Amino acid sequence: MDKLSKSAPKGIPLLKSIPARVLDLRTIFVVVLSLGVFSMATRPATDPDLGWHLKTGQIIAHTRHIFHTDPYSFTRAGQPWINHEWLSDLVMYGLYWSGGTAALILLFAAISAATFLIVFLRCPGKPYLAGAVTIWGALASGPSWGVRPQIFSLLLASIFLWILERSENEVTLLWWTLPLTILWVNLHAEFALGIALIALFFIGTALDWIFGFRAWAQAAPSLRNLALVLGFCLALVPLNPYGTKMYLYPWHTLSSTAMAAYIQEWMSPDFHKTMYLPFLLLVLALLAAAATSRLRLRPRDILLVSVMLFAGLRSVRHIPIFALVAAPILARLVQGILEKRNVHLSGRTPPANSRVAVNAVIFAGFLIFVGLWVRSVVLHEPRAEAENFPVRAVSFLAQNELPGPLFNHYNWGGYLIWKLYPRYEVFADGRADVYGDGFLDDLAEIYFVRDHWRQKFEAWPIRTVILPPNAPLIAALRLQSGWKQVYADQQAVILERKE
């Protein structure tokens, strides 16, 4: 007991047993910041692809076999499938098997919190400024969060940025990118982002030297090591079940015109929607800070921001990457503005006894709030599932064993795979890369009853249709004598082809 904090208030015995450093203001601030991001990221597991991720992980765990062809759809049965997320699927199913949906929700919220804790650590200046910018970046990234493998990529991208920035003074850190690349290439196809970041830092370092921001004696070792690490990381890409095919897979995904046309996260952000307002304000704040700060942006920073801003404006999916890059740069620029105006983010330090007591109350209160919020999200998960997926309609299908094949809503494909495979194979699901642009164009034409929809629909031996009540195809088939409605609720309608 003699080593306990002497600054703990005498009237609060419990605080006497807590070391002062545990209730230090900075420590409490970092913990509260992390818990804040954790609570922001704690949300229901309603990602449309979650179902097929879980089913794939289940099959891999039970058979120890990794798919190379599509097993889930009758429209692409036996066609090549590069499941670039196989390891994520296995991890997700393992968590679900051990702790249910709650374990998935908590893990992915924790990963999101860790991602932005690293952003906070990368931010220079006062903790409060760094914390505010970190939360801002988290808000901009929020629309992309969820129980999905992409969150693994966000964490690894955040780690890569930390390593690449620190490597200017600690060159040996760069070699950690090698084992991380092997892990990343098996978790998610966005491993290409890590390699792209290394390449951008190489080009940026060269630009820093060319424009006089770094001396050659400083730039040369960085350039040499970045080039070596880039080469090694590229050489490690084939260390996955699909070998060299993974080199071109990210490019095929990024170049898909159908995905950009039909899938919201691959579209450009619609700034009429409130959810994208933090991203827009982050961009504007960065431009304003760059124009007014006494600090000049290095060419490397301009390159990184420009590339990631282009990616974020092109696709909602890439907004979080822009936030990871932009937040620390914004913090540095704002710190320069404050120093120029001689503004200090500090005040009178309260007495030690009061400080520890207040910090303890803040920490306890926030912990209770986060606990209640997490409990609420977990308890309401079944309701969220029912609001996003055709729970009762799927139960009806399973009980009545209606004939297949099915024509299903694209966003329900993953859920149907999880609940009904192998009894039913789907028409389509969220694996857009498996189906290809032409198929997705045909699917949209059928669903929205456009042009030659009847010809393309009849090309498949569809026996049962499950779609939302407001789907144009439902209205069209109701007018056809060959179809009858066998089930309907607010979420879904099921039509069966008459014999």
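Notes on the structure follow. (Residues numbered from 1 in each chain as written. Predicted model: local features only at pLDDT ≥ 70, side-chain atom pairs only at ≥ 80, totals over all residues. Heavy atoms only, no water.)

### Concerning the pairing of strand S2 (residues 464-467)
Here is step 1: By the alternation rule, side chains of S2 split into Thr464 and Ile466 and Val465 and Leu467, which are all buried.
Here is step 2: In the sheet, strand S1 (residues 406-408) pairs with S2 via three bridges, with the strands oriented parallel. Of the residues in S2, the one forming a bridge with Asn408 is Ile466.
Here is step 3: Here S2 pairs with strand S4 (residues 493-497) via four bridges, running antiparallel. (Buried < 20%, exposed > 50% of the residue type's maximum accessible area, 1.4 Å probe, protein only. Helix = DSSP H or I, 4+ residues; strand = E, 2+ residues; numbered from the N terminus. Pairing = 2+ DSSP bridges.)

### Topic: the side chain of Ser39
Here is step 1: Relative to the assigned elements, Ser39 resides in helix H2 (residues 25-41).
Here is step 2: Setting aside anything within four residues of it in sequence, one finds Ser39 in contact with Phe369, Val370 and Trp373. (Contact = heavy atoms within 4.5 Å.)

### Notes on the pairing of S4
Here is step 1: Most of S4 is tucked away: four of the five residues are buried.
Here is step 2: Pairing geometry for strand S3 (residues 483-488) and S4, over five bridges, is antiparallel. Counted as the bridge partner of Lys484 is Glu496 from S4.
Here is step 3: Following S3, the chain reverses through four residues before pairing antiparallel with S4.

### Digging into the pattern of salt bridges
Here is step 1: Taken as a whole and judged by the stated rule, the model has 17 salt bridges.
Here is step 2: For the salt bridge of Glu168 with Arg298, the shortest nitrogen-to-oxygen distance reads 2.8 Å. Here Arg298 lies in the loop between helix H12 (277-292) and helix H13 (299-314) and Glu168 lies in the loop between helix H6 (150-166) and helix H7 (177-187), a separation of 130 residues in the sequence.
Here is step 3: A relative accessible area of 25% places Glu168 in the partly exposed class.
Here is step 4: With a relative accessible area of 18%, Arg298 lands in the buried category.
Here is step 5: Between Asp301 and Arg332 there is a salt bridge whose closest N-O contact spans 2.4 Å. Taken together, the positions of Asp301 in helix H13 and Arg332 in helix H14 (residues 319-340) put the pair 31 residues apart, joining distant regions of the chain.
Here is step 6: What you see here is one network of salt bridges that share partners, running through Glu168, Asp208, Arg214, Arg298 and Arg300. (Salt bridge = Lys/Arg side-chain N within 4 Å of Asp/Glu carboxyl O.)

### Here's the deal with the packing of H6 against H7
Two quantities define a packed helix pair, namely the angle between the axes and the distance from one axis to the other.
Here is step 1: Closest axis-to-axis distance for the H6/H7 pair is 11 Å, and the angle between their directions is 165°. The orientation of H6 with respect to H7, classified from their angle, is roughly antiparallel. Here H6 and H7 pass one another in a crossing that is left-handed. Touching Phe152, Ser153, Leu156, Ala157, Ile159, Phe160 and Ile163 of H6 are Thr177, Leu180, Thr181, Trp184 and Leu187, all from H7.
Here is step 2: Within the contact of H6 with H7, the residues separate by chemical class into nine nonpolar, three polar and no charged. (Axes fitted to C-alpha atoms, helices over the stretch in contact; angles between N-to-C directions. Parallel < 35°, antiparallel > 145°, perpendicular 65-115°, else oblique. Left-handed = near helix turned anticlockwise from the far one by under 90°. Nonpolar A, V, L, I, M, F, W, Y, C, P; charged D, E, K, R; others polar.)

### Some points on a nonpolar patch on the surface
Here is step 1: A cluster of nonpolar side chains, contributed by Trp209, Ile210, Phe211 and Trp216, occupies part of the molecular surface with about 480 Å² of accessible area.
Here is step 2: With respect to the helices and strands, the residue Trp216 is situated in helix H9 (residues 216-236).
Here is step 3: Since its relative accessible area comes to 46%, Trp216 is described here as partly exposed. (Patch = residues over 30% accessible without salt bridge, like charges linked within 9 Å, V, L, I, M, F, W, Y side chains within 5 Å. Areas by Shrake-Rupley, 256 points an atom, 1.4 Å probe, with all protein chains shown as cover.)

### Quick word on the packing of helix H8 (residues 191-210) against H13
Here is step 1: At a minimum axis separation of 7 Å, H8 and H13 run at an interaxial angle of 145°. By crossing handedness, the relation of H8 to H13 is classed as right-handed. Residue-level contacts link Leu193, Leu197, Leu200, Phe201, Ile203, Gly204, Thr205, Leu207 and Asp208 of H8 to Pro299, Arg300, Leu303, Leu304, Val307 and Met308 of H13.
Here is step 2: Taken together, the residues that form the contact of H8 with H13 break down as 11 nonpolar, two polar and two charged.

### A short note on H6
Here is step 1: With 17 residues, H6 extends 25 Å between its outermost C-alpha atoms, agreeing within 8% with the 24 Å of an ideal straight helix rising 1.5 Å per residue.
Here is step 2: Of all the 17 residues making up H6, 13 are buried; the element is thus mostly covered by neighbouring parts of the structure. (Expected span 1.5 Å × (residues − 1).)

### Quick word on the sheet that holds S3
Here is step 1: Pairing is mixed in the open sheet, where four strands are placed in the order S1-S2-S4-S3. Two strands bound the open sheet, and with one partner strand each, they are S1 and S3. Across the sheet, the mean angle from the axis of one strand to that of its neighbour is 20°, orientation sign disregarded.
Here is step 2: The strands touched by helix H17 (residues 391-400) are S1, S2, S3 and S4; relative to S3, the strand with the most contacts, the crossing angle is about 120°.

### Quick look at unusual backbone geometry
Most peptide bonds take the trans form, and the phi angle of most residues other than glycine is negative.
Here is step 1: The omega angle of the peptide bond from Gly404 to Pro405 is 0°, so this bond is cis rather than trans.
Here is step 2: The linkage connecting Tyr421 with the following residue, Pro422, adopts the cis geometry, with an omega of 10°.
Here is step 3: As for its position among the elements, Pro422 is in the loop between helix H18 (413-420) and helix H19 (432-447).
Here is step 4: Even without being a glycine, Asp451 presents a positive backbone phi close to 50°.

### What to know about the packing of aromatic side chains
Here is step 1: Under the criterion given, the structure shown has 28 aromatic pairs.
Here is step 2: For the pair Tyr72 and Tyr421, a centre-to-centre distance of 4.9 Å together with 85° between the ring planes defines the contact as edge-to-face. With Tyr72 in the loop between helix H3 (50-63) and helix H4 (86-122) and Tyr421 in the loop between H18 and H19, this residue pair connects regions lying 349 residues apart in the sequence. Take Tyr72 and Tyr421: they sit in the same class, and that class is buried.
Here is step 3: Members of the aromatic cluster, each reached through a chain of ring pairs, are Phe74, Phe407, Phe427, Tyr435, Phe439, Phe457, Trp460 and Trp483.
Here is step 4: The residue whose ring lies beneath Arg423 is Tyr424, and the NZ or CZ to ring-centre distance is 4.3 Å.
Here is step 5: Over the face of the ring belonging to Trp81 we find Arg431, whose NZ or CZ atom lies 4.7 Å from the ring centre. (Phe/Tyr/Trp six-rings, centres within 6.5 Å; stacked < 30°, edge-to-face > 60°. Lys NZ or Arg CZ within 6 Å of the ring centre and 35° of its normal.)

### A few points about the nonpolar core
Here is step 1: One finds Met246 and Phe322 to be the most contacted residues of the largest nonpolar core, which totals 99 residues.
Here is step 2: The next biggest cluster of nonpolar side chains, apart from the first, holds 54 residues, and it includes Ala258, Trp266, Val394 and Ile494. (Core = buried A, V, L, I, M, F, W, Y, C linked by side-chain atoms within 4.5 Å.)

### So, the side chain of Thr464
Here is step 1: The residue Thr464 is located in strand S2 in this model.
Here is step 2: On the accessibility criterion, Thr464 (0% relative accessible area) is buried.
Here is step 3: Only 2.5 Å separates the side chain of Thr464 from the backbone oxygen of Pro403, close enough to count as a polar contact. (Polar contact = N/O pair within 3.5 Å; in protein donor to acceptor, adjacent residues only side chain to side chain.)

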